[in-house]
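Chain residues, written in single-letter form:
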Amino acid sequence: MAFESKNIRNVVLLGHSGCGKTTFSETMLFEANEIPRRGNIETGSTVSDFTSIEKEKGNSIFSSLMHAKWKDSKINIIDTPGLDDFAGEVISALKVADTGIMVLNSASGVEVGTELLWEYTLQMHTPTIFVINQIDHEKSNFESTLEQAQNRFGNKVLPFQYPLNQGAEFNKIIDALRMIMYVFPQDGGKPEKLPIPDSEIGRAQEMHNLLVEAAAENDESLMEKFFDAGTLNEEELAEGLTIALANLEIFPVFCCSALLNKGSGRIMGFINDIAPSPADRPAAKLKDGEVLECNSEGPLACFIYKSHSEPQIGMVSYFKVYSGILKPGDELINNSNRGHERINQLSLSNGKTRESVNELRAGDLGLTVKLKNSHTNNTLTEKNSNIEIEPIKFPEPKIRSAILPPSKNDMEKLMKALHTFSEEDPTLIIEQSQQLKQTLLHAQGQLQMDIIKYRIEKLNGITMEYIQPKIPYRETIQKMTEGSYRHKKQSGGSGQFGEVHMRIEPYYEGMPEPEGLNVRKSEIEDLPWGGKLAFYWCIVGGSIDAKYSNAIKKGVMQKMEEGPLTGSYCQDIRVCIYDGKMHAVDSNDMAFMLASMMVFKNSFVNAKPQLLEPIYDLEILCSDNVLGDVMGDLQTRRAIILGIDSDGHYQKIMAKVPFAEMYKYSSSLRSLTQGRAKFNRKFAEYTPTPPEIQQKLIEEYVEELEEV
Ligand SMILES: Nc1nc2c(ncn2[C@@H]2O[C@H](COP(=O)(O)OP(=O)(O)OP(=O)(O)O)[C@@H](O)[C@H]2O)c(=O)[nH]1
Ligand SMILES: [Mg+2]
């Protein structure tokens, strides 16, 4: 049976690693009778963590799509990994979800992961519900966790419930929305509903009043009713809360123990009653700036938010129907690459269990297999439509590693596997660096790199080794020099002859014309790797024919591509060719190119050459108690601290750090702070490398050349 848009709820589980998202999703499925018994993390038997690697590691690594029927609704549940190396999985899930469920661990409160995920929900404008989990934990502290959440995320964070008997004996929840008490049986499951005891009525009523006010506040007619009657009836309350939640005017807080199955049913009820359906959300943004309403009567448009390769099946494409009705047999156009696709099969999933369906309506989530040429971020529509949903913006890479090339045969297999992984997780970027002559992987963190290695070795039987990538240094000069070189070869037949006189000097914007030279022609070129080459032709009296100028420039470019100091790219140099000699018979392009390369190289070395190193802007978010360690570590990395912002329990450090000092930063930060810090980095600029490091790098390059 297909669900109407208004009866669909797309929720995404978010939260710091280990807070209990996967356990909570398992409990939701069980409560909705989707599964006969609950699996657990310890035995690797949950529906969500169904891949072999997740079972083995005990953490979610991929997002997974599940669904449960609850009263009138079909709740699509996307469980996501909390480890921030897998942020790509979270962001793509957030793209298609209509409500976020931020799970907190009541024993640890707001964690660094919570903060980052909160940022994402704000950026994507996702209505969010907090679930304070693990109330059965011996260190559970609901009140402190709630207070931290209110301090961090503002006073729109409003408790709808609170627990009694926290810790192992946890068995009661006071519900301030319904004004009743839930009492759970020992083994969890369906609670008994009892009146709130006198001792709790004051606290519960106070909470209830705040909820009624919050519900009335966002709608004029409800506000009027509230002033007239002093309260709202159940229906009005639900209406007001729906508006407030959808507009991010309230962030309701619930509590539960996912492990003991106490409290999850009530949360599903709230999702059914109050959480927005896809049709209640703002129309989807399109690539061309237009918008698309969620409407089953509208034009068909499906958006692939995730691709995942499964053994024996191949690539599975997970999508959201943004508009229209999708059916098996539909012939569609991929508007991102104009390819044709036929939908052979439509399925719902609960982890690895698949169920075929005959149609999916606007707002629903599902999957299909065997698409020919469609990838994450592509929109499929009916023919003659050009709808393209605004693509997911994946985060910039945070770390990189080079690959030690295996044998030629294995290299092909390795690259194929890597491309599949990068298709699955677009935050993984593969680069064949011509400059560094290395294959590089760019990723979110060391753990993501380790998992890639693990999967390649296990699934493909190839040994894979990471090595330190070279640093993309740049070379430039600091003073003007002049020099000449004669290339001459006479070996039987016709010879080679070319002589070039060259001036080189540091180039900068707006510099004066060359002194004492007669400029005939000048070109200022943007180099593909950044910076400029200014090439001036200043030959008077025809000492070199102008037809050789291209060959001479080519010689310069070749050396600019492989600089004289360390073989790195050169930048910001002005070259003036002011004299030379040619020979009527023996001169040719090759001779002038070689002469030009040699004179450039020799002059460069005399022109106070300077190696430049890439500098990155680094932003670190860490908790107070690890600030000292993080700062101390930065000092050993030649970092310049630009500032520290205090933000509640968190500190934000802004620094500039040489790229050469950032190798494996992700794992050292993790072990330095036991995971209580996160960072972002972005390329900032090139600056001069300190002299002793420059000297060392030059010596290493000389050694490398000698080895060849
Ligand atoms: N005591 C207690 N433990 C829980 C509860 N929920 C989950 N756990 C335990 O916490 C651990 C982590 O649970 P998961 O469900 O894997 O947490 P997660 O949020 O999915 O973790 P990631 O996938 O790494 O992001 C497991 O050992 C669970 O058994 C709970 O309500 N109470
Ligand atoms: Mg998980």
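The structure displayed is predicted, hence computed values, not measured ones. (Residues numbered from 1 in each chain as written. Chains lettered and ligands numbered in written order. Predicted model: local features only at pLDDT ≥ 70, side-chain atom pairs only at ≥ 80, totals over all residues. Heavy atoms only, no water.)

### Topic: the packing of helix α6 (residues 198-217) against helix α7 (residues 220-229)
Thinking step 1. Relative orientation of the contacting elements α6 and α7 amounts to 140°, with a least axis distance of 7 Å. With respect to each other, α6 and α7 are oriented oblique. Here α6 contributes V212, E213, A215, A216 and E217 to the contact with α7, which in turn contributes L222, M223 and F226.
Thinking step 2. For the contact of α6 with α7, the per-class residue count stands at six nonpolar, no polar and two charged. (Axes fitted to C-alpha atoms, helices over the stretch in contact; angles between N-to-C directions. Helix = DSSP H or I, 4+ residues; strand = E, 2+ residues; numbered from the N terminus. Parallel < 35°, antiparallel > 145°, perpendicular 65-115°, else oblique. Contact = heavy atoms within 4.5 Å. Nonpolar A, V, L, I, M, F, W, Y, C, P; charged D, E, K, R; others polar.)

### Quick notes on the sheet that holds strand β32 (residues 532-537)
Thinking step 1. Pairing is mixed in the open sheet, where five strands are placed in the order β29-β30-β34-β32-β31. Here the strands that pair on one side only, and so sit at the sheet edges, are β29 (481-489) and β31 (521-526). Pairs of neighbouring strands in the sheet enclose a mean axial angle of 20°, with direction left out of account.
Thinking step 2. Note: strand β30 (residues 496-506) against strand β34 (residues 573-581), eight bridges, orientation antiparallel. Bridge pairing links V500 to G580 in β34.
Thinking step 3. Along the sheet face, helix α12 (residues 549-561) touches β30, β31, β32 and β34 and points at about 155° away from the line of β32. (Pairing = 2+ DSSP bridges.)

### Focus on unusual backbone geometry
Thinking step 1. Look at N165: it is not a glycine, yet its phi comes out positive at around 55°.
Thinking step 2. For N165, a relative accessible area of 40% puts it in the partly exposed group.
Thinking step 3. For K664, which is not glycine, the phi dihedral falls at a positive 60°. (Buried < 20%, exposed > 50% of the residue type's maximum accessible area, 1.4 Å probe, protein only.)

### Focus on the site of ligand 1
Thinking step 1. Around ligand 1, the surrounding shell holds 19 residues, and the nearest of these are T23, E42, N59, G82 and D136.
Thinking step 2. G82 places a polar main-chain atom, nitrogen or oxygen, 2.7 Å from an oxygen atom of ligand 1.
Thinking step 3. A distance of 3.0 Å separates an oxygen atom of ligand 1 from a polar atom in the backbone of A258.
Thinking step 4. Contact with the protein chains removes 88% of the 650 Å² of surface that ligand 1 exposes when unbound.
Thinking step 5. Counting residues per element, the shell around ligand 1 draws most heavily on helix α1 (residues 21-31), which supplies three residues.
Thinking step 6. When its residues are assigned to classes, the shell around ligand 1 shows five nonpolar, eleven polar and three charged. (Near = heavy atom within 4 Å. Polar contact = N/O pair within 3.5 Å; in protein donor to acceptor, adjacent residues only side chain to side chain. Areas by Shrake-Rupley, 256 points an atom, 1.4 Å probe, with all protein chains shown as cover.)

### A few points about the coordination of the magnesium ion (ligand 2)
For a metal bound by four donors in tetrahedral geometry, the ideal donor-metal-donor angle is 109.5 degrees, whereas six donors in octahedral geometry ideally sit at 90 or 180 degrees.
Thinking step 1. At this site the magnesium ion (ligand 2) is bound by T22 (OG1) and S60 (OG), with donor distances of 2.0 Å. One end of the pair, T22, is in helix α1; the other, S60, is in the loop between α2 (52-57) and β2 (64-70), with 38 residues separating them in the sequence.
Thinking step 2. Residue classification places S60 among the buried positions, given a relative accessible area of 8%. (Donors = N, O, S within 2.8 Å, 3.2 Å for Na, K, Ca; no water.)

### Quick look at the pairing of strand β18 (residues 339-342)
Thinking step 1. Judged by which residues are buried, β18 turns out to be one-sided: G339 and E341 face inward and are buried, whereas H340 and R342, on the alternate face, are not.
Thinking step 2. Where strand β17 (residues 331-334) meets β18, four bridges bridge the pair, whose relative direction is antiparallel. Opposite N334, over in β18, you have G339 as the bridge partner.
Thinking step 3. Count of turn residues in the β17/β18 antiparallel hairpin: four residues, of which R338 carries a positive phi of about 60°.

### Examining the domain arrangement of the chain
Thinking step 1. Annotation of the chain at the domain level lists domain 1 (5-280), domain 2 (284-381), domain 3 (399-467), domain 4 (475-607) and domain 5 (612-693).
Thinking step 2. Of note, the centres of domain 2 and domain 5, computed from C-alpha atoms alone, are 41 Å apart. (Domains from an automatic or database assignment.)

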